[in-house]
Amino acid sequence: DSKKSKPVETIYVQSITGQQLETVKQIFFQTIREQKEFSFVELLPESLNNVAVLRLEILDYTIWENEESREDGAAEQDATPDTFIRRNANVRIKVSLFNAETGEPLIRSIYSQPYQQIYVEDETKQNRAEKERELHRLLNVLLFRILASIYQDQAADDKIGKDLKLAPSSPHLPDQRKSKTA
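Bear in mind that the values here come from a model prediction, so they are computed numbers and not experimental data.

Caption draft 1: Region of the structure containing the pattern of salt bridges. Summed over the entire model, instances satisfying the criterion amount to 5 salt bridges. For Arg-86, the salt bridge goes to Glu-68, with nearest N and O atoms at 2.8 Å. Of this pair, Arg-86 sits in strand S4 (residues 83–99) while Glu-68 sits in strand S3 (residues 51–69), placing them 18 residues apart in sequence. In this structure Glu-68 comes out as partly exposed when scored by relative accessible area, which is 23%. As a salt-bridge pair, Arg-137 and Glu-134 come within 2.7 Å of each other at their nearest N and O atoms. Of this pair, Arg-137 and Glu-134 both sit in helix H5 (residues 131–166), 3 residues apart, which is roughly one turn of the helix. In this structure Arg-137 comes out as partly exposed when scored by relative accessible area, which is 38%. In this structure, a network of salt bridges that share partners links the residues Glu-65, Arg-87, Arg-128, Glu-134 and Arg-137.

Here it is, written out as structure tokens:
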């Protein structure tokens, strides 16, 4: 199908909705400026050739910490502290990407980036990253995963298209290897 094999060159950002909207938008646009695979636009271009429409919904953008105690008595035996801090975070984004010409869905998926870190020693407890900084890092990682999946999905479609074009005639292709004679 020739419509599916057209490479996406431009992505029109139709909407970003959900939790922590302004923070997520700022990080999203900073992240997409760092990549070179696609151009991103906020206005739909006149020509829809090689254009995809992107919708993002931020489903979860949370971080929390609990101070916990060791109840097993092992702290006394192995000289580790009795208390520790457990930090949990999660960023989840629903991604919808459509072919702008046909409306055909290219990607419909939920991406998630969970995180957990345990801080034991007093020094690591005091020097742990700020919560917002940790969430920004997780969001950045997740956005790069999303962009990579768009690129990989497109590369897979291109490879399948090339394989299908070669497959019917491949038994009749001349052998490209040259024999070496001494």
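Caption draft 2: Representation of the packing of aromatic side chains within the structure. Enumeration according to the criterion identifies 2 aromatic pairs in this entry. Judged by centre distance (6.0 Å) and plane angle (90°), the ring pair of Phe-28 and Phe-40 falls under edge-to-face. Taken together, the positions of Phe-28 in helix H2 (residues 21–34) and Phe-40 in strand S2 (residues 39–41) put the pair 12 residues apart, joining distant regions of the chain. Judged by relative accessible area, Phe-28 falls into the buried class, the value being 3%. Through successive ring pairs, a cluster of aromatic residues spans Phe-28, Phe-29 and Phe-40. Across from the ring centre of Tyr-115, 5.1 Å away, lies the NZ or CZ of Arg-137, which sits over that ring.

Caption draft 3: A look at H2. With 14 residues, H2 should reach 20 Å at 1.5 Å per residue; the first-to-last C-alpha distance of 20 Å fits that figure. Taken together, the buried positions of H2 are Val-24, Ile-27, Phe-28, Phe-29, Thr-31 and Ile-32.

Caption draft 4: Summary view of the sheet that holds strand S5 (residues 105–119). In spatial order, the strands read S2-S1-S3-S4-S5; together these 5 strands make up an open sheet with mixed pairing. Each having just a single partner strand, S2 and S5 make up the two edges of the open sheet. Across the sheet, the axes of successive neighbouring strands diverge by a mean angle of 30°, strand direction being ignored. With 17 bridges joining them, S3 and S4 adopt antiparallel strand pairing. The residue bridging Glu-65 from the neighbouring strand is Arg-87, located in S4. Relative to the sheet, H2 contacts strand S1 (10–18), S2 and S3, its axis offset from that of S1 by approximately 160°.

Conventions adopted
Residues numbered from 1 in each chain as written. Predicted model: local features only at pLDDT ≥ 70, side-chain atom pairs only at ≥ 80, totals over all residues. Heavy atoms only, no water. Salt bridge = Lys/Arg side-chain N within 4 Å of Asp/Glu carboxyl O. Helix = DSSP H or I, 4+ residues; strand = E, 2+ residues; numbered from the N terminus. Buried < 20%, exposed > 50% of the residue type's maximum accessible area, 1.4 Å probe, protein only. Phe/Tyr/Trp six-rings, centres within 6.5 Å; stacked < 30°, edge-to-face > 60°. Lys NZ or Arg CZ within 6 Å of the ring centre and 35° of its normal. Expected span 1.5 Å × (residues − 1). Pairing = 2+ DSSP bridges. Axes fitted to C-alpha atoms, helices over the stretch in contact; angles between N-to-C directions. Contact = heavy atoms within 4.5 Å.

Interpretation in functional terms is not warranted from these geometric data alone.
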